[in-house]
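The chain contents come next:
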Amino acid sequence: MITTDPHESSGAYVLHALPDEERREFEAHLAECRQCQEEVAELRATTALLGRMTAEHPPDSLRDQVLGRLADTPQEPRTRKGPRVRGRGPARSLRLALAASVAVALVCLGLAGWQRQEASDARDHARQVEEQAAQVQAQARQAEAAQENVAKVLTASDVRLRTQALSDGATASVTFSRSEGSATLAVSGLPALPAGRTYAAWFMEDGTPVPAGLLTGDPGRRVTLLEGALDNADAVALSVEPAGGSPQPTTVPLGAVPLTA
């Protein structure tokens, strides 16, 4: 049998903290007590609202911690001398204190979870921005270095220009400087390639092809600084290769520009 005033069990009932026997007896009392029905409905609505405001589920230990604090708090015995006045007395104070404890715990958990998520999102965004900035800076440095090398080739005292028609009707022009050890390639009239294919340049050294770079983007609108050393090259060839290039030509070259003195 319930030895305490059943009106004081609303909060524990909403939190599912009553033992089975006391829960059954309280539910029997609840079926006949309109005042407890209203209080149980209010407490359920409050905890449901607070639950939706949180970012995380409270840990399983939260209920035991709250109930443990309530068990350590002395409760003033209730003496009923007349009709119960709703909203007054120790029972009402206990229910409000319990609801407040749950509210504070849930809100604190929600704010902590929200703050952790916000901080994590901010760190991820900052890292992405830093990575993108580093990539842009690296690309800018590469472009500046390529422009400087092109300028060195074009202004070298021993600069030479050689032009050759290719097998598909296009034209390739190579500007090179032996003193700088570099060469540039400009093409016109090259047809567009299907997806997964690209144009590749090769330094020819006694008939042996050495990779000299890929013609990315629209090769007809740019001058490509060839990769590698010009030292032993006697021609520059052009072929169609898989995207990403290959160590050796996989197709018959479209043609070769001889690097005669």
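Residues numbered from 1 in each chain as written. Predicted model: local features only at pLDDT ≥ 70, side-chain atom pairs only at ≥ 80, totals over all residues. Heavy atoms only, no water.

Visitor: Help me get a handle on the layout of surface pockets, residues and values and all.
Guide: Where empty space is left in the structure can be found by rolling a water-sized probe over the atoms. Size it by volume and the second largest pocket reaches roughly 300 Å³. If you go around the second largest pocket, you meet 15 residues; those closest to its centre are Ala146, Leu214, Arg222, Thr224 and Leu225. Elements represented by at least two residues in the lining of the second largest pocket include exactly helix 5 (89–155), strand 5 (208–215) and strand 6 (224–225). Its residues placed into classes, the lining of the second largest pocket shows 9 nonpolar, 4 polar and 2 charged. (1 Å grid on protein atoms, 1.4 Å probe; cavity = no way out; pocket = protein on both sides within 12 Å on 5 of 7 lines; lining within 4 Å. Points joined across faces, edges and corners; volume = space filled by probe spheres on them. Helix = DSSP H or I, 4+ residues; strand = E, 2+ residues; numbered from the N terminus. Nonpolar A, V, L, I, M, F, W, Y, C, P; charged D, E, K, R; others polar.)

Visitor: Residues and numbers for the confidence of the model for the protein, please.
Guide: Looking at the protein as a whole, its pLDDT mean stands at 77, while 72% of the residues score no less than 70. Contacts of residues 75–89 to residues separated by more than four positions or lying in other chains number 21 contacts, the stretch itself having pLDDT below 50. (pLDDT = per-residue confidence, 0-100. Contact = heavy atoms within 4.5 Å.)

Visitor: Give a description of the sheet that holds strand 2 (residues 171–177) that names residues and reports values.
Guide: Strand order in the open sheet formed by 4 strands is 1-2-3-6, with antiparallel pairing between adjacent strands. Edge strands, defined here as strands with exactly one partner in the open sheet, are strand 1 (160–165) and strand 6. (Pairing = 2+ DSSP bridges.)

Visitor: Kindly report on the sheet that holds strand 8 (residues 255–258), identifying the contributing residues and their values.
Guide: Strand-to-strand pairing in sheets goes through backbone hydrogen bonds, with the strands running parallel or antiparallel. One open sheet holds the 4 strands; their spatial order is 5-4-7-8, and the pairing between them is antiparallel. Both edges of this open sheet fall to strand 5 and strand 8, since each of them pairs with a single strand only. Across this sheet, the average inter-strand angle for adjacent strands is 30°, counted without regard to direction. In the sheet, strand 7 (residues 235–242) pairs with strand 8 via 4 bridges, with the strands oriented antiparallel. From the neighbouring strand, Ala237 faces strand 8, where its bridge partner is Ala256. (Axes fitted to C-alpha atoms, helices over the stretch in contact; angles between N-to-C directions.)

Visitor: Residues and numbers for helix 2 (residues 20–30), please.
Guide: Of the residues making up helix 2, those classed as buried are Phe26, His29 and Leu30. Buried positions in helix 2, seen along its axis, are confined to an arc of 100° and lie on one side of it. (Buried < 20%, exposed > 50% of the residue type's maximum accessible area, 1.4 Å probe, protein only. Arc of directions from axis to C-beta.)

Visitor: Could you give an account of the packing of aromatic side chains, naming the residues involved and the relevant values?
Guide: In this structure the tally under the stated criterion is 1 aromatic pair. Between the aromatic rings of Tyr13 and Phe26, the centroid separation amounts to 5.0 Å while the plane-to-plane angle is 50°, which identifies the pairing as tilted. Here Tyr13, found in helix 1 (residues 10–14), pairs with Phe26, found in helix 2; they are 13 residues apart in sequence, far enough to count as distant. The buried category is assigned to Phe26, whose relative accessible area is 0%. (Phe/Tyr/Trp six-rings, centres within 6.5 Å; stacked < 30°, edge-to-face > 60°.)

Visitor: Give a description of the environment of Val150 that names residues and reports values.
Guide: Mapped onto the secondary structure, Val150 falls in helix 5. Separated by 33 residues in sequence, Val150 and Ala183 place their C-alpha atoms 7.9 Å apart. Look past the residues within four positions of Val150 in its chain and what remains in contact with it is Thr184 and Leu225.

Visitor: Quick rundown of the pairing of strand 4 (residues 197–205)? Include the residues and the values.
Guide: Regular strands have side chains that alternate between both faces of the sheet. Most of strand 4 is tucked away: 7 of the 9 residues are buried. Pairing between strand 4 and strand 7: 8 bridges, direction antiparallel. Along strand 7, the bridge assignment pairs Trp202 with Ala237. In this structure, the hairpin formed by strand 4 and strand 5 is closed by a connection of 2 residues, where Asp206 is found at a positive phi of approximately 55°.

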